[in-house]
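# Survey of secondary and tertiary structure
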Amino acid sequence: QVQLVESGGGLVQPGGSLRLSCAMSGSTSGINIIAWYRRAPEKQRELIAQIDTAVGTDYADSVKGRFTIPRDNANNTVYLQMNRLTPDDTAVYFCNAPSVPVPGMGWYRDVWGQGTLVTVSY
C-alpha cells in the first residue's frame, strides 16, 4: 500500500521560508502526480501546487512565484519549498497522490498524507 507522510511544518515569521517533505512509501513507481493542498482555519481545502512527471509543475495564483516543488526520486520524496511566507499561508498542508495504480485491480487510489501544520506569525 502506498503511504504519504508529511513533515517539516512549524512556526515561521512572515517573509521567511520553510520546506515541507512528503515521503512516499510502498509501490511508488507508478506515481506520476503529486499535489500539495492546504486547509486554512475555517476555510475550504485549497489545491496550491502539483507536479506531473509528464508535463511539469503548476501552481495556484496564491503561491505562484513563491512556492516550488523539488523532487528527490531516489529517496521517494517530494518537497514543497515555501518562500516569502505571509500569515495567509498559515494552514495544515497535505500532500496527495490522486491516481496511484492498484496492482491487480486495473484501478487507481486517491492517497493522502496526514498533514503538517504551518503557522506564519511573529
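Here the structure is a predicted model, which is why all the values come from computation and not from measurement.

Criteria and cut-off values
- Residues numbered from 1 in each chain as written.
- Predicted model: local features only at pLDDT ≥ 70, side-chain atom pairs only at ≥ 80, totals over all residues.
- Heavy atoms only, no water.
- Core = buried A, V, L, I, M, F, W, Y, C linked by side-chain atoms within 4.5 Å.
- Buried < 20%, exposed > 50% of the residue type's maximum accessible area, 1.4 Å probe, protein only.
- Helix = DSSP H or I, 4+ residues; strand = E, 2+ residues; numbered from the N terminus.
- Phe/Tyr/Trp six-rings, centres within 6.5 Å; stacked < 30°, edge-to-face > 60°.
- Lys NZ or Arg CZ within 6 Å of the ring centre and 35° of its normal.

W36, L80, M82 and Y93 are the most contacted members of the largest nonpolar core, which totals 30 residues. Of all the secondary-structure elements, those providing two or more residues to this core are β3 (18-25), β4 (33-39), β5 (45-52), β9 (77-82), β10 (91-102) and β12 (116-120). When residues of this core are assigned to their parent elements, the largest contribution, five residues, is made by β10.

With that settled, the discussion passes to the packing of aromatic side chains. Counted under the stated rule, the structure contains two aromatic pairs. On the numbers, 4.8 Å between centres and 50° between planes, the contact of Y37 with W112 is tilted. On the criterion of sequence distance, the pair formed by Y37 in strand β4 and W112 in strand β11 (residues 107-112) is long-range, its members being 75 residues apart. Pairing F94 with W112 gives two aromatic rings, centres 6.4 Å apart and planes at 80°, and the pair type is edge-to-face. With F94 in strand β10 and W112 in strand β11, this pair connects stretches of sequence that are 18 residues apart. Among the residues examined, W112 registers a relative accessible area of 28% and is labelled partly exposed. Taken together, the ring pairs connect Y37, F94 and W112 into an aromatic cluster. Here the basic side chain of R45 rests over the ring of Y37, its NZ or CZ set 5.3 Å away from the ring centre.

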